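Letter by letter, the chains look like this.
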Amino acid sequence: MSKTPTGTPVVRVPIVEATPENVRPFGQLLGDDVAHPELGIPFYQGRVLEGQNIDSQYTGKAVIRTAKILPGYPAVFWLERHLRMTQLFVALGQEPFIMVMAPPNHPKTLPDLDKVQALRFPAGHGLLLHRGTWHDFPIAGERPVVVLTANSEEVVEALANMTTAQEMDQGDVLKISLPQRLNAEIHLQLL
């Protein structure tokens, strides 16, 4: 394991293309095919394959918004999880996004850094996180990317009401500082 100039250990994680199989521990890959296309809505039969509802869960009011992520491969200092909702990220436009994640491990309150993965999701694809999946916000990579996010209002308000970047445990957000809690940071490896 390498270290930063300040001596903090660095966990190096290769960026791997997302597939249904390698996404499964973290959530569900949504892409260019319909999940369970057997919903029997009679109005468009023969021209629309209606998929079953995806397992989206939230507490309170659902919030759908967009965010533009600027290009780069930043070090990851924060991971968070949500136990009362499944969070959705969808890449709009022509660019992919990268997600750094560790699988759910509740009731533990720290992610397992040995299980961290960085998956690249193609443009037009999405990720529905399992409840409790540890994650950073999407990363753009080479060019800016706009993502559509589906959250609960309590999560967006809790994050937006923070006056400084610090650990938090409120509004269904448990956000931890990797340097503070695990004496580490995550760096992405380009393959």
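Described in the following lines is the structure provided in the data block. The shown structure was predicted, so the numbers you read here are calculated from the model rather than taken from an experiment. (Residues numbered from 1 in each chain as written. Predicted model: local features only at pLDDT ≥ 70, side-chain atom pairs only at ≥ 80, totals over all residues. Heavy atoms only, no water.)

This brings us to unusual backbone geometry. The omega torsion across H106 and P107 is 20°, close enough to zero to call that bond cis. Tracing the sequence through the fold places P107 in the loop between β7 (97-102) and β8 (117-121). Here D172, not a glycine, exhibits a phi torsion of approximately 60°, which is positive. Along the polypeptide, D172 turns up in the loop between β12 (168-170) and β13 (173-177). A positive phi angle is found at N183, which is not glycine, with a value near 50°. Within the secondary structure, N183 sits in the loop between α3 (178-182) and β14 (185-189). (Helix = DSSP H or I, 4+ residues; strand = E, 2+ residues; numbered from the N terminus.)

The strand order across the open sheet formed by 5 strands is β3-β9-β6-β11-β4, and the pairing between neighbours is antiparallel. With partners counted over all chains shown, the strands left at the sheet margins are β3 (27-30) and β4 (62-69), one partner each. Averaged over all pairs of adjacent strands, the angle between strand axes in this sheet comes to 20°, irrespective of strand direction. The pairing of β3 with strand β9 (residues 126-129) spans 4 bridges and is antiparallel. Paired with L30 across the strands is G126, a residue of β9. Across the sheet, helix α2 (residues 153-160) touches β4 and β11 (145-152), and the angle it forms with β11 is around 115°. (Pairing = 2+ DSSP bridges. Axes fitted to C-alpha atoms, helices over the stretch in contact; angles between N-to-C directions. Contact = heavy atoms within 4.5 Å.)

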